[in-house]
Amino acid sequence: MRPMNGDYPRATAHIGGHPLHPLVAPFPIVSFIGAFVTDTMWLASHEAGWATASNWLIGVGLVTALLAAATGMADYLGDDRVRRIGQATRHMIANVVVVTLEAVSLFVRLGGGSEMIGSLGIWLGGASVAILVYSGWLGGELVYRHRVGVRDPQEDEPAASSPKFSRDRR
């Protein structure tokens, strides 16, 4: 629902008015989904390269998840209106669960070798992907339904008195 004054919940972490969370969030998502894919390839072939790729993807995902969490937390704590949206809290909790599952997966893999992919890793990765789908849906709700971090379109329109830009230009 659009506020009467066009004042949407703002993204606190931004550069030049562009929110940072949607910029960095795709990196851990792609990394964790990629790890699930490479785990599946390892299960099919038992080639060591797939296990190595999974480990690297999970590591990259965990590092970039810290960046996504920092920017997301800045947005969450920076505007009380964001915290009052139930989907924002569920989005955050879901992502914390994914990061925890992936951290456990990497710890187990590094301690037990690639054989841990077949016994535990694939299950943790599959659960992470399922939770990411849910979390992504919630993130979309925050942007498209609640307009978190979306600028008021009137802010982007040039001033009516500006001779260089005219609304009537066709």
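Here the structure is a predicted model, which means the values were calculated and not measured.

Conventions adopted
- Residues numbered from 1 in each chain as written.
- Predicted model: local features only at pLDDT ≥ 70, side-chain atom pairs only at ≥ 80, totals over all residues.
- Heavy atoms only, no water.
- Helix = DSSP H or I, 4+ residues; strand = E, 2+ residues; numbered from the N terminus.
- Buried < 20%, exposed > 50% of the residue type's maximum accessible area, 1.4 Å probe, protein only.
- Contact = heavy atoms within 4.5 Å.
- Axes fitted to C-alpha atoms, helices over the stretch in contact; angles between N-to-C directions.
- Parallel < 35°, antiparallel > 145°, perpendicular 65-115°, else oblique.
- Left-handed = near helix turned anticlockwise from the far one by under 90°.
- Nonpolar A, V, L, I, M, F, W, Y, C, P; charged D, E, K, R; others polar.
- Salt bridge = Lys/Arg side-chain N within 4 Å of Asp/Glu carboxyl O.
- Core = buried A, V, L, I, M, F, W, Y, C linked by side-chain atoms within 4.5 Å.

Colleague: Which residues make up the overall build of the protein chain, and what are the values?
Modeller: Along the protein chain, the regular secondary structure elements total seven helices and two strands. Tracing the protein chain from N to C terminus, the helices and strands come up as β-β-α-α-α-α-α-α-α. Looking at the protein chain as a whole, 34% of its 170 residues qualify as buried. Counting contacts in the protein chain only where the partners sit at least 6 residues apart, residues at least 24 apart contribute 75% of the total.

Colleague: Describe in detail the packing of helix 3 (residues 48-78) against helix 5 (residues 86-112), supporting the description with residues and values.
Modeller: The geometry of helix 3 relative to helix 5 is characterised by a closest axis approach of 10 Å and an angle of 155° between their N-to-C directions. Between helix 3 and helix 5, the angle is such that the two are roughly antiparallel. Relative to helix 5, helix 3 is oriented so that their crossing is left-handed. Of the residues in helix 5, those touching helix 3 at Ser54, Asn55, Ile58, Gly59, Leu62, Ala65, Met73 and Tyr76 are Ala88, Thr89, Met92, Val99, Glu102, Ala103, Ser105, Leu106, Arg109 and Leu110. Tallied by class, residues from the contact of helix 3 with helix 5 come to eleven nonpolar, five polar and two charged.

Colleague: Kindly report on unusual backbone geometry, identifying the contributing residues and their values.
Modeller: Residue His46 is not a glycine yet carries a positive backbone phi of 55°. Residue His46 is classed as partly exposed on the basis of its relative accessible area of 48%. In this structure, Arg147 is a non-glycine residue whose phi angle is positive, near 65°. Relative to the helices and strands, Arg147 resides in the loop between helix 6 (115-145) and helix 7 (153-156). For Arg147, a relative accessible area of 26% gives the class partly exposed.

Colleague: Lay out the pattern of salt bridges in plain terms, naming residues and giving numbers.
Modeller: Taken as a whole and assessed by the stated rule, the structure comprises five salt bridges. We note a salt bridge from Arg109 to Asp39, for which the minimum N-O separation is 2.4 Å. Taken as a pair, Arg109 in helix 5 and Asp39 in helix 2 (residues 26-45) lie far apart in primary sequence, 70 residues in all. With a relative accessible area of 3%, Arg109 lands in the buried category. The salt bridge partner of Asp79 is Arg81, with a shortest N-O separation of 2.7 Å. Several salt bridges share partner residues, and in doing so they unite Asp80, Arg83 and Arg84 into one network.

Colleague: Any details on the side chain of Asp39? Residues and values, ideally.
Modeller: With a relative accessible area of 1%, Asp39 lands in the buried category. In this structure Asp39 touches Ser54, Arg109, Ile117, Gly121 and Ile122, once residues within four positions along its chain are discounted.

Colleague: Mind laying out the packing of helix 2 against helix 3, listing which residues take part and the relevant values?
Modeller: Across the interface, helix 2 lies against helix 3 with an axial gap of 8 Å and an inter-helix angle of 165°. Viewed along their axes, helix 2 and helix 3 adopt a mutual orientation that is roughly antiparallel. As for how helix 2 packs across helix 3, the hand of that crossing is left-handed. From helix 2, Phe27, Pro28, Ser31, Phe32, Gly34, Ala35, Thr38, Asp39, Met41, Trp42 and Ser45 reach across to helix 3, where they touch Trp50, Ala51, Ala53, Ser54, Leu57, Ile58, Val60, Gly61, Leu62, Thr64, Ala65 and Ala68. Residues of the contact of helix 2 with helix 3, tallied by class, amount to 15 nonpolar, seven polar and one charged.

Colleague: So what's going on with the nonpolar core? Residues and values would help.
Modeller: Across soluble globular proteins, nonpolar side chains show a tendency to be buried alongside one another. Counting residues in hydrophobic clusters, the biggest one holds seven residues: Phe32, Ala35, Ile58, Leu62, Val98, Leu106 and Leu132. Elements represented by at least two residues in this core include exactly helix 2, helix 3 and helix 5. Leaving out residues up to four positions away in the same chain, Ala35 has contacts with Ser54, Leu57 and Ile58.

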